[in-house]
Amino acid sequence: MDSFEYNSSPSRVVFGSGTIKKVPEELARAKVSKPFLLSTPQQVSHIDLLRSVLGDVAVGVFTEATMHTPVEVTEKALEQVKASGADSIVSIGGGSTVGLGKAISIRTGLFHLTIPTTYAGSEVTPILGETDAGRKTTRSDPKILPSAVVYDVDLTMTLPVSLTATSGVNAIAHAVEALYARNTNPIINLFASEGVKALASSLPTLISEPSSQAARSSALYGAWLCGICLGNVGMSIHHKLCHALGGSFNLPHSETHTIVLPHALSYNAPKIPAAMEALAAALPESEGDATKGLNILLQKLKVERGLKALGMKESDIDKAADIAVSNPYWNPRPIERGPIRELIRRAWAGEDARADL
């Protein structure tokens, strides 16, 4: 076995059904008592539920969390948090809300408890992506990692089928890139394979049976494992492309990850035989071909396959390629503008991924 290093993320995780009721207990455990609550405008009902659990201890609420964590939104929320006298942050929602909670926590040092309602995985990573003047930047710091995560399967039961699918594939993307990360290790590979397997087996069920408790539980479990992958090892060209596309063209996060993933995998395929073998084993009906397995999974999930349907213009392809090759992440295959441009063109057009880039 090759030498490796492994760091365990020091966050506390509570997983189950109805676990939102344990939030007061978790805050008391952390010796905080004046939480400030965060959500998006679409998830005010979750805030209402959280308030009913917490009683009258919440000192403020901000319901304007926004995709890609714009700095101007963070600054607006920050003013309200400081004025409230809060000693903690409780974020409830998807990646947008978790991101805002991280942005506030790293700026203030406040305890951050998060309650994820999607499969984004951001809640177990020390990574913060922020957008300023149309450009997305990412930083990593152990202090960014939320201190506690409460996974309540019940809160995912009403997640729309379309978001269930794309959020789940977004999680799979973390595990895919973890398998061929420069600093990958056997422990993370176990998490990645198990995470992909749990999501790839449960997501198709949720398309036809969105209220399946067993499938929802499996999907949330898989998302947690995939999030751990994202938080522990470096990401490569897939995440670089998605950050470039999302931050520069304001494309929706999980939908963009879903469209780009099989193409990014096909780009790297010649250089990552072990990762391709592990993925093929985790993806149903792959028949030994991980790219094929991903294509089949996306077909089953009935997701959008083309960036043009998300609003990206054909004229944006060259700009996206330029951004993607500037200051690139480490990648197992050297970054070449020609094949990267073709990768983006295929993703824009909505073509099936092919391992011939």
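In this report, the structure presented in the accompanying data block is examined. Just so you know, these numbers come straight off a predicted model, no measurement behind them.

**Considerations on the side chain of T131**
Argument step 1. Turning to its location among the elements, T131 is positioned in strand β6 (residues 127-132).
Argument step 2. On the basis of relative accessibility, which here comes to 11%, the residue T131 falls in the buried class.

**Notes on the pattern of salt bridges**
Argument step 1. Going through the model one piece at a time under the given rule, you end up with 17 salt bridges.
Argument step 2. Here R345 ties to E351 by a salt bridge, and the two come within 3.1 Å at their closest N and O atoms.
Argument step 3. Given a relative accessible area of 23%, E351 falls into the partly exposed group.
Argument step 4. Connected via shared salt-bridge partners are E342, R345, R346, E351, R354 and D356.

**What to know about the side chain of H174**
Argument step 1. By the element assignment, H174 lies in helix α5 (residues 161-179).
Argument step 2. Residue H174 is classed as buried on the basis of its relative accessible area, which comes to 3%.
Argument step 3. Here the side chain of H174 touches A120 through a polar contact of 2.9 Å, landing on its backbone oxygen.

**Re the packing of aromatic side chains**
Argument step 1. Using the criterion set out here, one finds 3 aromatic pairs in the structure.
Argument step 2. Put simply, the rings of F15, Y151, Y221 and W224 pair up and form one aromatic cluster.
Argument step 3. Over the ring of W348 we find K308, and its NZ or CZ is 5.2 Å from the ring centre.
Argument step 4. A cation sits over an aromatic face here: R333 above Y267, 3.9 Å from the ring centre.

**Observations regarding the pairing of strand β7 (residues 135-140)**
Argument step 1. Strand direction decides the pairing type here: β6 and β7, joined by 6 bridges, are antiparallel. Opposite G129, over in β7, you have T138 as the bridge partner.
Argument step 2. In this antiparallel pair of consecutive strands, β6 and β7, the connection spans 2 residues, and A133 shows a positive phi of 55°.

**As for the environment of P146**
Argument step 1. Here P146 lies in the loop between β7 and β8 (148-152).
Argument step 2. In this structure P146 comes out as buried when scored by relative accessible area, which is 1%.
Argument step 3. Residues P146 and T125 lie 21 residues apart in sequence; the distance between their C-alpha atoms is 7.8 Å.
Argument step 4. Not counting residues up to four positions away in its chain, the partners in contact with P146 are S11, K102, H112, T114, E123 and T125.

**Looking at helix α2 (residues 44-54)**
Argument step 1. Of the positions making up α2, those classed as buried are H46, I47, L50 and L54. The buried residues of α2 all sit within an arc of 100° when viewed along its axis, so they share a single face. Exposed side of α2, more than 90 degrees from the buried face: S45 and S52 are the residues found there.
Argument step 2. Immediately beyond the C-terminal end of α2, within one or two residues, lies G55, with a positive phi of roughly 80°.

**Concerning the packing of helix α3 (residues 71-84) against helix α4 (residues 95-108)**
Argument step 1. In the contact formed by α3 and α4, the axes pass within 10 Å of each other and the chain directions differ by 60°. The orientation of α3 with respect to α4, classified from their angle, is oblique. Like other packed secondary-structure pairs, α3 and α4 cross with a definite hand, here right-handed. Of α4, the residues touching α3 (which contributes T74, A77, L78 and V81) are L100, A103, I104, R107 and T108.
Argument step 2. Its residues assigned to classes, the contact of α3 with α4 comprises 6 nonpolar, 2 polar and 1 charged.

**Some points on the environment of K136**
Argument step 1. In this fold, K136 is placed in strand β7.
Argument step 2. A sequence separation of 128 residues divides K136 from A264, and the C-alpha atoms of the two residues are 19 Å apart.

How each quantity is defined
Residues numbered from 1 in each chain as written. Predicted model: local features only at pLDDT ≥ 70, side-chain atom pairs only at ≥ 80, totals over all residues. Heavy atoms only, no water. Helix = DSSP H or I, 4+ residues; strand = E, 2+ residues; numbered from the N terminus. Buried < 20%, exposed > 50% of the residue type's maximum accessible area, 1.4 Å probe, protein only. Salt bridge = Lys/Arg side-chain N within 4 Å of Asp/Glu carboxyl O. Polar contact = N/O pair within 3.5 Å; in protein donor to acceptor, adjacent residues only side chain to side chain. Phe/Tyr/Trp six-rings, centres within 6.5 Å; stacked < 30°, edge-to-face > 60°. Lys NZ or Arg CZ within 6 Å of the ring centre and 35° of its normal. Pairing = 2+ DSSP bridges. Contact = heavy atoms within 4.5 Å. Arc of directions from axis to C-beta. Axes fitted to C-alpha atoms, helices over the stretch in contact; angles between N-to-C directions. Parallel < 35°, antiparallel > 145°, perpendicular 65-115°, else oblique. Left-handed = near helix turned anticlockwise from the far one by under 90°. Nonpolar A, V, L, I, M, F, W, Y, C, P; charged D, E, K, R; others polar.

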